[in-house]
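Here are the chains, one letter per residue:
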Amino acid sequence: MDSDFLYIKPPSLSDLLNHLESWGEKSKVLAGGTDLLVLLRRHDLSPSYVVDIKGIEELQRLEEVEGGDIFLGAGLTVNEAAHSGLVQKRYKALADAANKLASYQLRNRATVVGNICNASPGADLAGPLLVFDAKVQIVSTQGKREVLLQDFFTGVKKTILRPQELLYGLTLPAVTAGERSIYLKLARIKGHDLGIVGVAGRLDSRKKFHLAMSSVAPTPLRLTRLEALLNGSSRSAELPDQAAEAVQEEIRPISDVRASAAYRQHMAGVLVKRVVQYLVQEGGE
Amino acid sequence: MTLVMEGRSEGAMREAGYRYVGHSPDRQEALEKVTGRARYVHDMELPGMLYAKMLHSPYAHAEILSLDVSEAKALPGVKAVLTGRELPYLLGLYMVDKPILAQHKVRYQGEPVAAVAAVDTRTAAKALSLIKVEYQPLPAVLSVEEALTGGVLVHEDINTLDYVKGVFFPQPNSNIASWHKTIKGDIQKGFAQAELTIENEWRLPQVAHVPLETHVVIVQADPYSPKVKIWSSSQSPFAVRNLLAKAFGISRGDITVVVPYIGGGFGGKAGIHLEPLGVVLSRVCQGRPVKIQATREEEFNQLPTREGLRGRVKTGVTKDGKIVAEEIYFDWDGGAYADYSVNVGRAAGYAGAGPYEIPNIELHSRTLYTNKVFGTAYRGFGHLETHWVIERQMDLAAQALEMDPYEFRMKNLLREGATTITGEKITAHSGCVDQCLEAVAKEIAWTGYQSAAEREKAFKTGKVRGKGLAVLHKAPAMPPNTSTSAIMQMDEDGTVRLLLGAIDMGQGAYTTMAQIAAEVLDMPLEKVKVIWENDTDKNPYDWQTVASKYTFMGGNAVIRCAQDLLRQMKEVAACVLRCPVDELTHGNERIRHIQHQDKAIAFKDLALGYAYQNGTGIGGPLIGRGVYMAEGLTNLDPATGQGLPALDWTYGAHGAEIEIDVETGEIHVLKIASAFDVGQVINRKLAVGQVVGGVIQGLGSALIEGYKYSPEGRLLNPSFTDNKIPTAKDIPDRVVPIFIENPQRDGPFGARGVGEHPMISVPSVLANAVYDALGVNFYELPLSPERIVSGLARQKE
Amino acid sequence: MCAEHEHKAAQTYQDSGLPRVLLNCTVNGENVSQWIDPTMSLLHFLRHELNLLGTKEGCGEGECGACTIIFNGRAVNSCLVLAQEAEGSRILTVEGLGQEGQLSILQQEFIKEDALQCGFCTPGMLMSARALLDRNPEPEEEEIKEAIAGNLCRCTGYYPIIEAIKKASEREKEASQR
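Residues numbered from 1 in each chain as written. Chains lettered and ligands numbered in written order. Predicted model: local features only at pLDDT ≥ 70, side-chain atom pairs only at ≥ 80, totals over all residues.

*Asks:* Would you explain the overall build of chain B in this entry?
*Replies:* Counting its secondary structure elements, chain B contains 19 helices and 36 strands. For 797 residues, the compact-globule formula gives about 28 Å, and the C-alpha radius of gyration of chain B, at 27 Å, lands near that figure. For chain B, the residues scored as buried account for 62% of the 797 residues in total. Within chain B, residue pairs in contact and separated by at least 24 positions form 80% of the contacts whose partners lie at least 6 positions apart. (Helix = DSSP H or I, 4+ residues; strand = E, 2+ residues; numbered from the N terminus. Rg over C-alpha atoms; globule rule 2.2 N^0.38 Å. Buried ≥ 20, exposed ≤ 12 C-beta atoms within 10 Å, placed from the backbone. Contact = placed C-beta atoms within 7 Å.)

*Asks:* Explain the pairing of strand β1 (residues 21-27) of chain C to me, please; I cannot follow it from the model alone.
*Replies:* If a strand is regular, its side chains alternate between the two faces of the sheet. All names here are of chain C. With seven bridges joining them, β1 and strand β2 (residues 30-36) adopt antiparallel strand pairing. Bridged to N24 within β2 is S33. In this antiparallel pair of consecutive strands, β1 and β2, the connection spans two residues, and N28 shows a positive phi of 50 degrees. Alignment of β1 against strand β5 (residues 90-92), held across two bridges, turns out to be parallel. (Pairing = 2+ DSSP bridges.)

*Asks:* Honestly, the interface of chain C and chain B in this entry has me stumped. Any pointers?
*Replies:* By a widespread convention, an interface's size corresponds to the accessible area lost as its parts come together. Between chain C and chain B, the residue contacts involve 52 residues of the former and 54 residues of the latter. Elements with a minimum of two residues in the side of chain C that touches chain B: α2 (105-112), α3 (122-135), α4 (141-148) and α5 (159-177) of chain C. For the side of chain C that touches chain B, a count of residues per class yields 25 nonpolar, 14 polar and 13 charged. (Nonpolar A, V, L, I, M, F, W, Y, C, P; charged D, E, K, R; others polar.)

*Asks:* Explain the domain arrangement of chain A here, please?
*Replies:* Residue and element names in this part refer to chain A. Split into domains, chain A comes out as domain 1 (6-52), domain 2 (57-172) and domain 3 (180-280). Centre-to-centre separation of domain 1 and domain 2, based on C-alpha positions: 18 Å. Each side of the interface is counted separately: domain 1 has 15 residues, and domain 2 has 18 residues. Mapped onto the side of domain 1 that touches domain 2, the elements with two or more residues apiece are α1 (13-23) and β2 (27-30). In terms of residues, the side of domain 1 that touches domain 2 owes the most to one element, α1, which gives six residues. By residue class, the composition of the side of domain 1 that touches domain 2 is six nonpolar, six polar and three charged. (Domains from an automatic or database assignment.)

*Asks:* What is the right way to look at the interface of chain A and chain C in this model?
*Replies:* Across the boundary between the two partners, chain A contributes 20 residues, which contact 24 residues of chain C. Those elements giving two or more residues to the side of chain A that touches chain C turn out to be β1 (6-8), α2 (36-42) and α6 (104-107) of chain A. Counted by class, the side of chain A that touches chain C contains eight nonpolar, eight polar and four charged residues.

*Asks:* Which parts of the structure should I look at to understand the sheet that holds strand β3 (residues 62-68) of chain B?
*Replies:* Two pairing modes exist for strands in a sheet, parallel and antiparallel, and in both the strands are linked by backbone hydrogen bonds. Residues and elements named next belong to chain B. Spatial strand order, β8-β3-β10: three strands in an open sheet with antiparallel pairing. Strand pairing shows two members of the sheet lacking a second neighbour, β8 (105-106) and β10 (132-137), which therefore form its edges. As judged from the two bridges shared by β3 and β8, these two strands associate in the antiparallel manner. Residue E63 lies in a different strand from β8, and its bridge partner there is K105.

*Asks:* What exactly am I supposed to notice about the sheet that holds strand β15 (residues 228-232) of chain B here?
*Replies:* Residues and elements named next belong to chain B. Read across the open sheet, the eight strands follow the order β4-β9-β2-β17-β14-β15-β16-β27; overall the sheet is mixed. Where the open sheet ends on each side, the last strands, each with one partner, are β4 (78-83) and β27 (534-535). Pairing of β4 with strand β9 (residues 112-118), which is carried by five bridges, proceeds in the antiparallel orientation. Looking at the pairing, V78 lines up with A118 of β9. Lying over the sheet, helix α3 (residues 121-129) contacts β2 (50-56), β4 and β9, oriented at roughly 30 degrees with respect to β2. Helix α6 (residues 237-248) contacts β15, β16 (255-259) and β27 of the sheet and is inclined by roughly 150 degrees relative to β16. (Axes fitted to C-alpha atoms, helices over the stretch in contact; angles between N-to-C directions.)

*Asks:* Help me out: how do you make sense of the UniProt feature "domain: Aldehyde oxidase/xanthine dehydrogenase a/b hammerhead" (unreviewed entry) in chain B in this one?
*Replies:* As recorded in UniProt, the sites labelled "domain: Aldehyde oxidase/xanthine dehydrogenase a/b hammerhead" (unreviewed entry) are residues 35-139 of chain B. Annotation note: span residues 35-139 of chain B, helix share 13%, strand share 39%, distance between end C-alpha atoms 52 Å. (UniProt positions renumbered as here; feature names shortened; annotations may be inferred.)

*Asks:* In this structure, what is going on with unusual backbone geometry? I would like to understand it.
*Replies:* Excluding glycine, a negative phi dihedral is what most residues carry, and trans is how most peptide bonds are arranged. Residue and element names in this part refer to chain B. With omega at -5 degrees, the peptide bond leading from L781 into P782 counts as cis. The residue P782 is located in the loop between α18 (762-774) and α19 (785-796) in this model. A positive phi angle, close to 55 degrees, is found at Q286, a residue other than glycine. Topologically, Q286 is positioned in the loop between α7 (275-284) and β17 (290-293). Given 13 C-beta atoms within 10 Å, Q286 falls into the partly exposed group.

*Asks:* I keep staring at the domain arrangement of chain B and nothing clicks. Help me out?
*Replies:* All names here are of chain B. For chain B, the assigned domains are domain 1 (41-138 + 218-292), domain 2 (305-478 + 635-796) and domain 3 (482-629). Each partner contributes to the interface: domain 2 provides 22 residues, whereas domain 3 provides 17 residues. Grouping the constituent residues of the side of domain 2 that touches domain 3 by class yields eleven nonpolar, seven polar and four charged.

*Asks:* So what exactly am I meant to see when it comes to the confidence of the model for chain B here?
*Replies:* One rule of thumb: low pLDDT means the predicted coordinates there are not for detailed reading. Residue and element names in this part refer to chain B. The share of residues in chain B with pLDDT of 70 or more is 98%, and the mean pLDDT across the chain is 96. Here residues 1-6 scores under 50 on pLDDT; set against residues more than four positions off or in separate chains, the count is ten contacts. Residue range residues 11-15 is modelled with pLDDT below 50. Its contacts to residues more than four positions away, or to other chains, number eight contacts. Predicted as a complex, the structure gets a pTM of 0.97 and an ipTM equal to 0.97. (pLDDT = per-residue confidence, 0-100.)

*Asks:* Help me out: how do you make sense of the environment of R625 of chain B in this one?
*Replies:* Residues and elements named next belong to chain B. Relative to the elements of secondary structure, R625 occurs in strand β33 (residues 623-629). Along the sequence, R625 and G775 sit 150 residues apart, while their C-alpha atoms lie 58 Å from each other. Setting aside residues no more than four positions away along its own chain, R625 makes contact with I487, C561 and D564.

*Asks:* Hey, could you run me through the packing of helix α10 (residues 383-401) of chain B against α18 of chain B in this one?
*Replies:* When two helices pack together, their arrangement is captured by the angle between the axes and the distance separating the axes. All names here are of chain B. The contact between α10 and α18 brings their axes to 8 Å, and the two run at 30 degrees. In terms of axis orientation, α10 runs roughly parallel to α18. With respect to the hand of their crossing, α10 and α18 are arranged in right-handed fashion. Residue-level contacts link L384, H387, W388, E391, R392 and D395 of α10 to P763, S764, A767, N768 and Y771 of α18. Class assignment of the residues belonging to the contact of α10 with α18 gives a composition of five nonpolar, three polar and three charged. (Parallel < 35°, antiparallel > 145°, perpendicular 65-115°, else oblique. Left-handed = near helix turned anticlockwise from the far one by under 90°.)

*Asks:* Help me understand the pairing of β2 of chain A in this model?
*Replies:* Residue and element names in this part refer to chain A. Alternating residues of β2 divide into S27 and V29 and K28 and L30, and every residue in both groups is buried. Across four bridges, the pairing between β2 and strand β3 (residues 49-52) is parallel. Within β3, the position partnered with K28 by the bridge is V50. Read as a crossover between parallel neighbours, the route from β2 over α2 to β3 is right-handed. (Right-handed = clockwise from strand over helix to strand, strands pointing away.)

*Asks:* So what exactly am I meant to see when it comes to the environment of A83 of chain C here?
*Replies:* Residues and elements named next belong to chain C. Along the polypeptide, A83 turns up in the loop between β4 (74-77) and β5. For A83, a count of 25 C-beta atoms within 10 Å corresponds to the buried category. Separated by 22 residues in the primary sequence, A83 and E61 place their C-alpha atoms 15 Å from one another. Those residues in contact with A83, other than ones at most four positions away along the chain, are L23, I36, M40, S41, L42 and F45.

This is how it looks when you write it as structure tokens:
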């Protein structure tokens, strides 16, 4: 690395939080490192302290908690989430997205929480987590707070997380039997690539739609207006096409080196249509 | 499912009689490569070594107003800081136009303006950050159109630049680095005969080579003498030596270039790149070795790339489908320096019309200077680009004629008795492009384009399929008097050590040469050892490892070398066995009498000279030599481009079958069948490797890759994040290599080269299949999902 | 070549000047205990401290896979791991694939299928393949492609690599049944 920093691996959460409290912006949390190390190498970031969270047992958890909710700790890798039976069975869209993120060896290091904290507009895991109404647990020496994921992102690569705070983990509310969910991603190539557009969709057991997208706005986006429209419409064969059209109003994609705004707009329609088609299909997969 | 069929051969199975030729022995260096013991320059460190880094221009075109390196120089650990001011040298293969570091002005974003050598990379990077440069941005030339207007000159001194006269044709007061013309027949008369003319314009962007090992050199320059030693990840050690000697005015004998394993080249490591900077840095540092390793970003935006191209073609045909006239303008986006791109332009001049007989033609190939990363050789040397233009144009001509593009091609392909556009006669032994086309058409079950009704029906399902065909040809692009050589020595146990001038960068040259040697000597392949690590002080000369010329030229040199060794062994054996030399033959590692087979001497007993029982010796250590120089080629006429440029033509054809998602625009390639008339396969496994790997590289150019610039000329995708190449998930369901074997009379065992050819025409065959699927023609690369979707939208309007 | 130069002053490369720290781990079955620069990546530790030069750097940003190693049983890009993160870990590099001068089945199949050309991506490719076969001894073709999609190869077009991994899977199965 071209940056100078001290590496600290605290053995306990309280140690870690004390470090963050005293060093603040001079410190950077290291989980999987797949984003952080690139920035350190390019000298885009020059923290004085790199604080590794992997020494803290409780952050490695993926488990069912009270009420059937699922907890995903900050140290959990994307592959651990993708391979988890719990995730595959109950949160299929998250498993879909996890399996489409970057490359296999990156997924062995990258963490679910890191993908969220990085707050890229194209974060693959954000869409699925949004449709499952994920909550983020934020801790500091001052205590714990819990916020909805959709309130976590504030802009391109920006979140509400303060330098003294740690994103401790994610809670996924319990789902009931008979739910369907899916994540579709379009990238430039089939192999390791960032998404041009990603759409996550969920139809809950009360037949309510939950939809979210990545790469079409400054932050991952919950499609609340589209959800309202779909949830207010009668189920017809035209629904997927209606959704494809309606989503255009709700997104503000940009043109960049990866795709034009027009193509993103077009593909948002195509993928939303396919997601809705999948969700309303009878008889499961 | 089998992904790749064993490369099958159509035609005579002559290799039945060969011991090694046509078989599939493992590559010689495989063990080193699977154990991680193969050492690349990337891996090398020398005692006292310094590390260099370069500072790059942020502007595409700018005057350098001031450059202050004082703080960088003062940084502890910094041993040298150099700028263009101290380096009044210009280098160039053909146009002598490129400074080692920018002088007075920068001509592309990414051009190095200063370099630092320091005790470690961290210090070097720190020093770079202390250099202050003031630029005055200038209007930049960023397209072939802008280049042709000549309003802004990339090289204001173009009129005074030195260049290879008679071969290249820079135009005064312009951005035209060379204007090559090919004129044959009477084009006006030809178009007058035409019953239909088809006119189109085609484009493709610059594309990067992407060797997995970036460019890297270590240079140790003696401060007290002109002596220089270079370790380089290079395809061209002898060319590096030659060009360095010219640039610095020193003797070839003072320069040593060593090439160990090289992690991919694809043309991007031909010629000379980081070596001169290494020389001047090491000199300033009192001869300490200096390592310069390009970062991945520098690989994209500082080091050269493949040229972009705009091709405009007008083809005149008769109603029965004969081409009677063609006018072609190739305008090459050559970037800031001419490097190989003027020669790419020249190759386009004699091969750019494709493997067709065209009685009346005028072809203009103009290599243009622009303010972009400069162009160089890339696998296929202009032929992927020109065949993108021609093989799409041929399909459009067939469409205009409402003719099956297979039939149209078959009517016009070069065959025995035809003449090329430079006046070369095609003979029965030149290879058969029609057989290649026939083979791939059969492999993909080609039955002609589908009808509009069939297309419409399929379109409703959301997934449409299409098939396409394309042909190709290429000869080595090289000076008419190119040569190579080989040396063979035998050890006392009968082992043969073979020294070659070429570089094996993974294409398998050394393995095929060992096979040829073992075949001629009729001895076990295991006992023929090609000496790895090419060293210009020790290895015999080879021009450079480019152009798909080495199997042909190196193979011939090795045959002669082995024959020389046999002749020496027979001369001594004739004395020992007391018989005339012409009554001796060889086999089973022995020289023996043709009739009295027990009269024989083992090779090993002749290796160091023969010793009689009483101790007396005759002969001496065996050293064979073999050379090959291209025969019968000529320079091209400066006015008409007529002449004999081609050592051997390798013909080929692809057939493709694809499926397109009409909503997303994604192309899924089901199958690519690729046939080449290689004359004779030397190593089947390696030949299949060249075909399959080349086809996938071509697929990258077709569907994925290309440089993107901001309106100011900044490269927007100088990393793997945004400059994607195919991964294991992006390959077709099947690639089917087919080898046609019509022998080349003067090739080794009848062989021709096939290293570059597999990637040529892959973009065109896929776009032809896209037309079959969608009924839409695409004129620009890459065929990204986005381009397909917007093409479909335009068609709807 | 150059073997005499390999044990050079690695101390000067990439040194941050910060106090060195002690790293203990197991590399290819050997216990390693070494004082290192605290900002060093695991890739640089392997290459420049241990002289395990088989593992390559192709981009330094986790995009090409040339630096893939097996880290605590999993394939990872060693350029994106800090050396200090390897404290107490088990590491396998290409140098540890063969045993006592005998190539592993996977390496043998790479040779037989000619699953390499320039060889620069080969060590990383082998490690991704090894990790795959360790967790999934009989992978489907799609699983093989997924496992190596993070390893770029510009030479082979991937087909012979996929074929070699399939063949290795079959032979390893046979060997384990014996």
